[in-house]
Structures are given as structure tokens and as C-alpha cells.
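Here's the letter readout for the chains.
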Amino acid sequence: KDIPDPQIEMTLFDHAIEGKGTLTGDGREAEFVLGDTELTGEITLELIPNQRNDAWIMVKISNTTTQFIPGKAILKVDGHQTGSTDIPEYGLGQKSLPFGYVSQITAKKERHSIKKDTSWFNASTGGYTITVENGTNENKTVIVRDRLPVSADEGKVKLDVKHIEPEPKERDKDNRLTWEFDIKAAETVKINVSFTLSYPLGEELQFC
């Protein structure tokens, strides 16, 4: 079967070749674009202190119509390369992608000492403080995500939240918490959480 001649489209910057056959080279490194897509999205700064201290740069995508396979993405600002990141596999239902970190914006989680009360039943009172710092010279809006303790045996361990200050913007049925702050340049914000865990006599709590 005859192979049709390739169709070549040439612009000032690119060559586009469409056809079938074998493309030979001269041994030099080259890149061939197999497809492209243009996405628009909203940039957010998200802090998840259980994972890392630095703020994640997240891009919430609103117009994705394709799936992503795992690979490396080149990050550019105003057409200039600024770095790279690894993209995991994403399906059509995914709405956000990580695009690196901001090391000047941090969140550190410090757990309080556990106090035990065994007067009538086993109960342990504890909590933690999350310290959010904006080390940049600009005001920023940040999102902080955390989760209250989750029991491996919910029938035995009961969680009673005593205090969360400030109140989270969201708290779902799985006790995942989300705060959103407008934090000024060089400002520090603290989140305080305290709770009591009740459990059967003769049992011991282990925190992982």
C-alpha cells in the first residue's frame, strides 16, 4: 500500500509534520509534540502541615476535557521556564494540580502533651497548635487543611472536640478541617485545637 506524502506546515517557530512512515534523525536530541492542551485555572496557596511545612501552589482547573498521564511538567512564567514538577495520573474528575511550593509561607503543627483522667473511665485530653507564617513581603490568602484524630476502632474510642479557634471554614463528616486566611506580610496566625478521647478501661491509646 502506498504511503501518502507527509503534509508539512511551517510557521516562524514550528514545523508540523502529519503523515505515516519513519522519521530519521542525525543523532541530536529533539522533542516531538504528540499533542497539547490549554488549561485555565485559579491559583491557591494551600498548607497541609501533616505532609510538609511549605505552602503548596495549587492550580484549580475549570475547563479540563482530557486525562493526564504521569510525567514531568515544565513550569513557565510569562513564557520563561521557572522550574519543573512531577504530575501524577489524573482522571477527568480531578480539578487541581500541584505546581511546586512557596518556602516563605509555612505551617508547623505542635502537639500538646496528653493528660490522662481515669476517675470513672479512661479519657485523654490533648490537642495541637498550628502556627502559620507569611514570610513574604506581600499580603496573601492561604488555605490550611488538617484532620482531627481518627480512630481505627470507632466503636471503642469517642472523640469530643472541646475547642477550635478560630472556627474552620469547613468541617466534613470525616472531621477534615479547612481554614482560609487573609494573612498580612510577615504576619503569624495560630490555630488552636483541643479535644478529649474516651475509651474502655484497660485499653491504651496509641497515636500514629
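Keep in mind that this is a model prediction, so the values were computed, not measured.

### Some points on the overall build of the chain
Inference 1: Each helix and strand in the chain was counted, giving zero helices and 14 strands.
Inference 2: Each helix (α) and strand (β) of the chain, taken in turn from the N terminus, gives the series β-β-β-β-β-β-β-β-β-β-β-β-β-β.
Inference 3: By the burial criterion, 27% of the 208 residues in the chain qualify as buried.
Inference 4: Accessible surface, the chain: about 15600 Å² in total, of which carbon and sulfur atoms supply 48%.

### As for the side chain of Thr-196
Inference 1: Within the secondary structure, Thr-196 sits in strand β14 (residues 188-199).
Inference 2: On the basis of relative accessibility, which here comes to 12%, the residue Thr-196 falls in the buried class.
Inference 3: A polar contact is formed between the side chain of Thr-196 and the side chain of Thr-125, at a distance of 3.3 Å.

### Here's the deal with the environment of Glu-180
Inference 1: Here Glu-180 is to be found in strand β13 (residues 176-183).
Inference 2: Accessibility expressed as a relative area gives 41% for Glu-180, which makes it partly exposed.
Inference 3: Leave out the neighbours within four places in its chain, and Glu-180 touches Thr-141, Val-142, Ile-143 and Lys-169.
Inference 4: Within the local environment of Glu-180, its side chain forms a polar contact with the side chain of Lys-169, the two groups lying 2.8 Å apart.

### Some details on the nonpolar core
Inference 1: In this structure, Leu-47, Val-132, Val-142 and Val-144 are the most contacted members of the largest nonpolar core, which totals 22 residues.
Inference 2: At the level of elements, β3 (41-47), β7 (96-111), β9 (122-134), β10 (140-147), β13 and β14 are the ones that each hand at least two residues to this core.
Inference 3: Ranked by the residues each element gives to this core, the list is headed by β14, at five residues.
Inference 4: Other than its neighbours up to four places away in sequence, Val-142 contacts Leu-45, Leu-47, Ile-105, Val-132, Trp-179, Glu-180, Phe-181 and Ile-183.
Inference 5: The next biggest cluster of nonpolar side chains, apart from the first, holds six residues, and it includes Phe-68, Ala-73, Ile-87 and Leu-97.

### Notes on the packing of aromatic side chains
Inference 1: In total, this model carries one aromatic pair according to the counting rule given.
Inference 2: The ring of Tyr-101 is capped by Arg-52, whose NZ or CZ atom sits 3.6 Å from the centre of that ring.
Inference 3: Seen from the ring of Tyr-128, Lys-109 lies directly overhead, with NZ or CZ sitting 4.1 Å from the centre.

### Things to note about the side chain of Asp-54
Inference 1: Among the structural elements, Asp-54 can be located in strand β4 (residues 54-61).
Inference 2: There is a polar contact of 3.0 Å between the side chain of Asp-54 and the side chain of Arg-52.
Inference 3: In contact with Asp-54, other than residues within four places in its own chain, are Glu-46, Leu-47, Tyr-101, Val-102, Ser-103, Ile-105 and Thr-106.

### Details of the pattern of salt bridges
Inference 1: Under the defined criterion, the tally for this structure stands at ten salt bridges.
Inference 2: Lys-140 is the partner of Glu-138 in a salt bridge, and the nearest nitrogen-oxygen pair spans 3.1 Å.
Inference 3: Here the residues in one salt-bridge network are Asp-172, Lys-173, Asp-174 and Arg-176, joined through shared partners.

### What about unusual backbone geometry?
Inference 1: Omega for the bond connecting Glu-165 with Pro-166 falls within 30 degrees of zero, at 0 degrees, which places this linkage in the cis form.
Inference 2: For Pro-166, the position within the fold is in the loop between β11 (158-165) and β12 (170-171).
Inference 3: One non-glycine residue, Asn-175, lies in the positive phi region at around 65 degrees.
Inference 4: With respect to the element layout, Asn-175 can be found in the loop between β12 and β13.
Inference 5: A relative accessible area of 18% places Asn-175 in the buried class.
Inference 6: Despite not being glycine, Ala-186 shows a phi value in the positive range, around 65 degrees.
Inference 7: Following the sequence through the fold, Ala-186 ends up in the loop between β13 and β14.

Criteria and cut-off values
Residues numbered from 1 in each chain as written. Predicted model: local features only at pLDDT ≥ 70, side-chain atom pairs only at ≥ 80, totals over all residues. Heavy atoms only, no water. Helix = DSSP H or I, 4+ residues; strand = E, 2+ residues; numbered from the N terminus. Buried < 20%, exposed > 50% of the residue type's maximum accessible area, 1.4 Å probe, protein only. Areas by Shrake-Rupley, 256 points an atom, 1.4 Å probe, with all protein chains shown as cover. Polar contact = N/O pair within 3.5 Å; in protein donor to acceptor, adjacent residues only side chain to side chain. Contact = heavy atoms within 4.5 Å. Core = buried A, V, L, I, M, F, W, Y, C linked by side-chain atoms within 4.5 Å. Phe/Tyr/Trp six-rings, centres within 6.5 Å; stacked < 30°, edge-to-face > 60°. Lys NZ or Arg CZ within 6 Å of the ring centre and 35° of its normal. Salt bridge = Lys/Arg side-chain N within 4 Å of Asp/Glu carboxyl O.

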